[in-house]
Amino acid sequence: EAAPKNRGRRASILLLRSSSSPADGTLTAMIRPLTSADTADALELLRARPLQNLFLEYVVASGVLGRVPGFLGWSPARRLEAIAMVGPLGGTALEVRDANAFAPLAEAIARTPLRPRHLVGSEDVTVPFFREYERFAAKLRWSRREAVLALGSRDLRALAPAGVRVRVEPARESDLA
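Quick caveat: nothing in here was measured; it's all calculated off a predicted structure.

Draft legend 1. Main features of the packing of helix α1 (residues 39-47) against helix α2 (residues 54-61). It is at 10 Å that the axes of α1 and α2 come closest, and there the two elements cross at 165 degrees. Between α1 and α2, the angle falls in the class roughly antiparallel. By crossing handedness, the relation of α1 to α2 is classed as left-handed. Residues Thr 39, Ala 42, Leu 43, Leu 46 and Arg 47 of α1 form the contact with α2, whose own contacting residues are Leu 56, Glu 57, Val 60 and Ala 61. Its residues assigned to classes, the contact of α1 with α2 shows 6 nonpolar, 1 polar and 2 charged.

Right, here's the structure in full:
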């Protein structure tokens, strides 16, 4: 009798490959590489919190899904609830709408050849992700918080005459909500 092909693997694990990298690794069934067909769903997720996702939205909007390795999505019920990007040098950005995505994202990213070296993004997403990822990561060398600056539309409208200075101030937590 032939042995089952998935012998020794947990039933929740599937072998998936992205269109851009044959070595993306073994991923959980709900985590999958994102393709160009996912662009609209990814942008919808990211635009729900535009200030927090300014960088990641810009990258996704440039048309990289399916062409560049390192983009994973979590879709438990046909709706994209989380997206993670791990760049070739380890720069990692993510957005998570459902907290149930943190553990599977951490496990999936730990199995891919591209590994996070630094996380960027809103702390309400990066901190819980790192709590899950920490067991797979090298020892944390340092951590820092950086100010986020926001320029409001009211300030921009006040710029009618040339040469008017724009007031830039640190964003408040309420600006990020």
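Draft legend 2. Region of interest: the pattern of salt bridges. Tallied over the entire structure, the rule returns 7 salt bridges. In this structure, Arg 49 engages Asp 124 in a salt bridge whose closest nitrogen and oxygen atoms are separated by 2.7 Å. Note that Arg 49 is positioned in the loop between α1 and α2 and Asp 124 in helix α4 (residues 123-133), a separation of 75 residues in sequence. Among the residues examined, Arg 49 registers a relative accessible area of 21% and is labelled partly exposed. In this structure, Arg 135 engages Glu 107 in a salt bridge whose closest nitrogen and oxygen atoms are separated by 3.2 Å. Here Arg 135 is found in the loop between α4 and β8 (149-150), whereas its partner Glu 107 is found in helix α3 (residues 102-110), with 28 residues between them in sequence. Salt bridges linked by common partners bring Arg 49, Glu 95 and Asp 124 together as one network.

Draft legend 3. Highlighting the nonpolar core. Formed by 19 residues in total, the largest nonpolar core has its most connected members in Leu 94, Val 96, Leu 105, Ile 109, Phe 129 and Tyr 133. Secondary-structure elements contributing two or more residues to this core are β4 (71-74), β5 (82-86), β6 (91-96), α3 and α4. Among the elements that take part in this core, α3 stands out by supplying 6 residues, more than any other. Once residues within four sequence positions are removed from consideration, Leu 105 is found in contact with Ile 31, Ala 82, Ala 84, Leu 94, Val 96 and Phe 129.

Draft legend 4. Region of interest: the side chain of Glu 57. Structurally, Glu 57 can be placed in helix α2. A polar atom in the side chain of Glu 57 sits 2.6 Å from the side chain of Arg 47.

Draft legend 5. Structural view of the packing of aromatic side chains. In total, this model carries 2 aromatic pairs according to the counting rule given. When the centroid spacing of 5.6 Å and the interplanar angle of 10 degrees are considered together, the rings of Phe 129 and Tyr 133 count as stacked. A residue pair is termed a helical-turn pair when its members lie 3 or 4 positions apart in one helix, as Phe 129 and Tyr 133 do in helix α4 at 4 residues. Residue Phe 129 is classed as buried on the basis of its relative accessible area, which comes to 0%. The interplanar angle of 50 degrees and the centroid separation of 6.2 Å between the aromatic rings of Tyr 133 and Phe 136 together place this pair among those described as tilted. On the basis of relative accessible area, Tyr 133 is assigned to the buried category, the value being 3%. By relative accessible area, Phe 136 is classed as partly exposed at 30%. Three or more aromatic residues joined by ring pairs form one cluster here, namely Phe 129, Tyr 133 and Phe 136.

Draft legend 6. Representation of the pairing of β6 in the model. Counting buried residues along β6, 6 of its 6 residues qualify, which places the element largely inside the surrounding structure. Neither face of β6 is exposed, since Gly 91, Ala 93 and Glu 95 on one face and Thr 92, Leu 94 and Val 96 on the opposite face are all buried. Counting the residues that bridge the hairpin from β5 to β6 gives 4 residues, and of these Gly 90 lies at a positive phi of roughly 95 degrees. In this fold, the crossover linking β6 to strand β7 (residues 118-120) by way of α3 has right-handed handedness.

Cut-offs and rules
- Residues numbered from 1 in each chain as written.
- Predicted model: local features only at pLDDT ≥ 70, side-chain atom pairs only at ≥ 80, totals over all residues.
- Heavy atoms only, no water.
- Axes fitted to C-alpha atoms, helices over the stretch in contact; angles between N-to-C directions.
- Helix = DSSP H or I, 4+ residues; strand = E, 2+ residues; numbered from the N terminus.
- Parallel < 35°, antiparallel > 145°, perpendicular 65-115°, else oblique.
- Left-handed = near helix turned anticlockwise from the far one by under 90°.
- Contact = heavy atoms within 4.5 Å.
- Nonpolar A, V, L, I, M, F, W, Y, C, P; charged D, E, K, R; others polar.
- Salt bridge = Lys/Arg side-chain N within 4 Å of Asp/Glu carboxyl O.
- Buried < 20%, exposed > 50% of the residue type's maximum accessible area, 1.4 Å probe, protein only.
- Core = buried A, V, L, I, M, F, W, Y, C linked by side-chain atoms within 4.5 Å.
- Polar contact = N/O pair within 3.5 Å; in protein donor to acceptor, adjacent residues only side chain to side chain.
- Phe/Tyr/Trp six-rings, centres within 6.5 Å; stacked < 30°, edge-to-face > 60°.
- Pairing = 2+ DSSP bridges.
- Right-handed = clockwise from strand over helix to strand, strands pointing away.

Purely geometric numbers; function is a separate question.
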